[in-house]
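Spelled out from the first residue to the last, the chains are:
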Amino acid sequence: MEIAEAPGKGSSGRGPGRPRAFNRAAALAIAAETFWQLGYEGASIADLTEAMGISPQSLYAAFQSKARLYAEALDWFETEVAGFLCAALAREADVLDAFERMFLEAAQAYTRPGRPKGCMVATALTGCAVESVEVARHVATLRHERVRLFEARIARGVAEGQLRPETYAAGLAQYVTAVLQGMAVQARDGATLPDLLVLGQLAMAALIRHKA
């Protein structure tokens, strides 16, 4: 994917030598995959600019700071990669079918060839340097939002009579989150798609025990 630097102030913007316009969306996608692979603190400005094919000046002009670039990269990941979470829970009318689909698609996403393994959000910045605390808080907020998403879907399943009335939605949502985070870590450590599918099946066996 080609990313050209934006024309400098002295460029006339005309003629055959005119630089191509800076492709911000393409640069963001590459930055997101770099962060995904190396982590926020592991990805240096040099790593990012080399991967994006731009200068540090262009990076700061487009994204202001590494922290802001990372925040946008997380948004990109949630939309372009992890969008299956919301989609699976919304698409299936039955709550158990929804979580089964979600675990399946998580296993596929976390082991997809040609991309970093695991989940950029699930395992990011669980420990960090003092200067990265605000960034870590933002990532933690995204993880908490996932827990609330799962809890709401489980509570809906209870309300619709698909799960037992005594089902503890908050606790079950934490369990689902823990399984997904574990799958992400396992993928980073080399687990294959079949390995993660087994984890998803075991998690579903636990959820099915709450079936009404």
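For the structure, see preceding data.
Quick caveat, the model's predicted, so the values are computed rather than measured.

## Quick look at a nonpolar patch on the surface
So, step 1. On the surface, a nonpolar cluster with roughly 250 Å² of combined accessible area is contributed by Val198, Leu199 and Leu202.
So, step 2. With respect to the secondary-structure elements, leucine 199 resides in helix H9 (residues 193-208).

## Some remarks on the nonpolar core
So, step 1. Residues Phe99, Met102, Phe103, Tyr110 and Leu180 are the most contacted members of the largest nonpolar core, which totals 65 residues.
So, step 2. With 10 residues, the single largest contributor to this core is helix H6 (residues 95-110).
So, step 3. Not counting the four nearest positions on each side in its chain, phenylalanine 99 is found in contact with Leu89, Phe150, Arg153, Ile154, Val176, Met204 and Leu207.

## Concerning H6
So, step 1. Between the first and last C-alpha of H6 there are 22 Å, a value that for 16 residues agrees with the 22 Å anticipated at 1.5 Å per step.
So, step 2. For H6, the set of buried residues is Val95, Leu96, Ala98, Phe99, Met102, Phe103, Glu105, Ala106, Ala107, Ala109 and Tyr110.
So, step 3. Next to the buried residues of H6 lie helix H5 (84-91), helix H7 (133-159), helix H8 (169-188) and H9.
So, step 4. N-capping of H6 is provided by aspartate 94, with a side-chain oxygen placed 2.9 Å from the backbone N of leucine 96.

Basis of the calculations
Residues numbered from 1 in each chain as written. Predicted model: local features only at pLDDT ≥ 70, side-chain atom pairs only at ≥ 80, totals over all residues. Heavy atoms only, no water. Patch = residues over 30% accessible without salt bridge, like charges linked within 9 Å, V, L, I, M, F, W, Y side chains within 5 Å. Areas by Shrake-Rupley, 256 points an atom, 1.4 Å probe, with all protein chains shown as cover. Salt bridge = Lys/Arg side-chain N within 4 Å of Asp/Glu carboxyl O. Helix = DSSP H or I, 4+ residues; strand = E, 2+ residues; numbered from the N terminus. Core = buried A, V, L, I, M, F, W, Y, C linked by side-chain atoms within 4.5 Å. Buried < 20%, exposed > 50% of the residue type's maximum accessible area, 1.4 Å probe, protein only. Contact = heavy atoms within 4.5 Å. Expected span 1.5 Å × (residues − 1). Polar contact = N/O pair within 3.5 Å; in protein donor to acceptor, adjacent residues only side chain to side chain.

From the geometry alone we can't say anything about function, so treat these as descriptive.
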